[in-house]
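Here is what each chain is made of, one letter per residue.
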Amino acid sequence: MPAAATILLAGSRGAGGSYRGTVTIKDGALAAALAAALAVQAGALAGTWGGGYWVPGTATGALVAAAALLRRRHRVAAATAGLAVAAVAIPVAYLTGLPREPGLAAAIALAVLVGSAVRALPAVPAGAIAAGGFAVVAGAWLAGWSAAVAQLNTVTWLAALAAGLGLRLRDARRHATTEAVRRDERLALARELHDVVAHHITGVVLQAQATRIVARTRPDDVDGSLAGIEAAGSEALAAMRRLVGVLRDDDDAAPATPGPEGLAALVARFDGHGPAVRLRLPDDPPGWPPEVTSTVYRIVQEALTNVARHAPHAGAVTVDVAQQRDAVTVEVADDAPPAPVRRPHRTGYGLVGMRERVETLGGTLRAGPRPGAGWSVRATLPVTAREAG
């Protein structure tokens, strides 16, 4: 749900599709719609049936509406409660000569409960709640002479099924696409693991070979050589931990992605086909480990690609790579004018992959509009003092 639609988001989802502490503008709009439906229903019954005939139907609608508004706390319990109230109200109204149920407000609230369950719950409870909605519709038809009430409940139930299934399929496709992007990014990290291991382990091997020579010619210097091997081994272990969990075949290794020196070539290629790009790099050549170097390059590459695709009116782009003692910060910012219809595409699946890569290395990535105009992608990647040089 968009952040702009959230008034308060202090809870989390729990077992059984539960949400605690969540209140949204959509819930407020639903509450207003249900209140209006209750008022219309009460007024219509008071005008046609007279007396206090409007009270039972309004009470039923209010109970089912309350369940609909509380559905985020526990979808199964809320839907079960709403369906139970409607199921009881149908025979009671039939046997006592009251206006037929479920009325307008209850029908709308039941549609919300069924549609929400079909979208969010696992298949079995979602199917059971959809079947419960059908049972209520069938009860409304069997209750007798008020075809309008039965037709109303049929239409709202079918609409709830259609909306719930449509949103469920959309969510499933979005989840599958996101997982595919993450899987591809992990495979890319896996291809680089070979180069990371080769970079560090080669240093260990070379220092071990040198130590053998030192041991024969300068025995007193062996401790220093062993300390160098220990430090190189520690760096290798740290690099592999940053890429832990990624497996690959040895025969498909790709060459290491260009480092800071490759950013100038990347920017030059973009500069000839898009807005002017200004590149700022650290004054001193950074001693980043290969996995950090390649990630910086990929972030700049993806951000510039997004500018080319989604910000054709940008006049200038800034690529700023800064080196602190224990972190590398890379930011790509453009000055494109605001274009609301374009904004959602700026946070697409390419950034999902970038975030996966950055978080694997223990860093953070943020993307969003800049104050006034433009868009910014900013990533921070941790490096040790020794790695930073």
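Scroll up to find the structure.
How each quantity is defined
- Residues numbered from 1 in each chain as written.
- Predicted model: local features only at pLDDT ≥ 70, side-chain atom pairs only at ≥ 80, totals over all residues.
- Heavy atoms only, no water.
- 1 Å grid on protein atoms, 1.4 Å probe; cavity = no way out; pocket = protein on both sides within 12 Å on 5 of 7 lines; lining within 4 Å.
- Points joined across faces, edges and corners; volume = space filled by probe spheres on them.
- Helix = DSSP H or I, 4+ residues; strand = E, 2+ residues; numbered from the N terminus.
- Phe/Tyr/Trp six-rings, centres within 6.5 Å; stacked < 30°, edge-to-face > 60°.
- Buried < 20%, exposed > 50% of the residue type's maximum accessible area, 1.4 Å probe, protein only.
- Core = buried A, V, L, I, M, F, W, Y, C linked by side-chain atoms within 4.5 Å.
- Contact = heavy atoms within 4.5 Å.
- Axes fitted to C-alpha atoms, helices over the stretch in contact; angles between N-to-C directions.
- Parallel < 35°, antiparallel > 145°, perpendicular 65-115°, else oblique.
- Left-handed = near helix turned anticlockwise from the far one by under 90°.
- Expected span 1.5 Å × (residues − 1).
- Salt bridge = Lys/Arg side-chain N within 4 Å of Asp/Glu carboxyl O.
- Pairing = 2+ DSSP bridges.

Let us look at empty space enclosed by the protein. Applying the stated criterion across every chain, the model contains two cavities of 30 Å³ or more. The space that makes up the largest cavity amounts to roughly 90 Å³. Taken together, Leu83, Ala107, Leu110, Ala111, Val114, Gly133, Val136, Val137, Asn153, Thr156, Trp157 and Ala160 form the lining of the largest cavity. Counting residues per element, the ones that place at least two in the lining of the largest cavity are helix H4 (104-120), helix H5 (123-142) and helix H6 (147-217).

Turning to the packing of aromatic side chains, a few remarks are in order. Remark: the centre distance and the inter-plane angle together describe each pair of aromatic rings, the angle taken between the planes. Within this structure, the stated rule accounts for two aromatic pairs. Pairing Trp49 with Tyr53 gives two aromatic rings, centres 5.3 Å apart and planes at 50°, and the pair type is tilted. Since its relative accessible area comes to 35%, Tyr53 is described here as partly exposed.

This part takes up the environment of Ser294. Along the polypeptide, Ser294 turns up in helix H9 (residues 290-310). Ser294 gets classed as buried once you look at its relative accessible area, which sits at 2%. C-alpha of Ser294 to C-alpha of Gly262: the two residues are 32 residues apart in sequence and 9.9 Å apart in space.

Core analysis: the biggest nonpolar cluster contains 33 residues, and Val296, Val300, Leu304 and Val321 have the highest contact counts within it. Among the secondary structure elements, those contributing two or more residues to this core are helix H8 (260-271), H9, strand S6 (316-323), strand S7 (327-334), helix H10 (349-360) and strand S9 (375-382). If you tally residues by element for this core, the top one is H9, at eight residues. Aside from chain neighbours lying at most four places away, what touches Val296 is Leu263, Trp288, Val321, Val328, Val330 and Leu381. Leu34, Val64, Val118 and Ala130 belong to the second-largest nonpolar core, a separate cluster that totals 30 residues.

With their axes 8 Å apart at the nearest point, helix H2 (residues 54-69) and helix H3 (residues 75-96) run at an angle of 165° to one another. The angle between H2 and H3 places the two elements in the roughly antiparallel class. When you trace H2 past H3, the crossing you get is left-handed. Here Thr60, Leu63, Val64 and Ala67 of H2 lie close against H3, whose contacting residues are Ala78, Gly82, Val85 and Ala89.

Looking now at H2. Given a rise of 1.5 Å per residue, 16 residues ought to cover 22 Å, and the 22 Å separating the end C-alpha atoms of H2 matches this to within 8%. Looking at the buried positions of H2, the neighbouring elements they touch are helix H1 (25-48), H3 and H4.

All chains considered together, the criterion is met by six salt bridges. Here Arg119 and Asp171 are joined by a salt bridge, their closest N and O atoms 2.7 Å apart. With Arg119 in helix H4 and Asp171 in helix H6, this pair connects stretches of sequence that are 52 residues apart. For Arg119, a relative accessible area of 33% translates into the label partly exposed. Classification of Asp171 as partly exposed rests on a relative accessible area of 25%. Glu331 is the salt-bridge partner of Arg378, the closest N and O atoms lying 3.2 Å from each other. With Arg378 in strand S9 and Glu331 in strand S7, this pair connects stretches of sequence that are 47 residues apart. Among the residues examined, Glu331 registers a relative accessible area of 23% and is labelled partly exposed.

Attention now moves to the sheet that holds S7. Strand order in the open sheet formed by five strands is S5-S6-S7-S9-S8, and the pairing between neighbours is mixed. Edge strands, defined here as strands with exactly one partner in the open sheet, are strand S5 (276-280) and strand S8 (364-369). On average, adjacent strands in this sheet sit at an angle of 10° to one another, irrespective of strand direction. Of the strand pairs in this sheet, S7 and S9 are connected by eight bridges, and their pairing is antiparallel. Within S9, the residue paired with Asp334 across the bridge is Trp375. Running over the sheet, H9 touches S6, S7 and S9 and is turned about 10° from S7.

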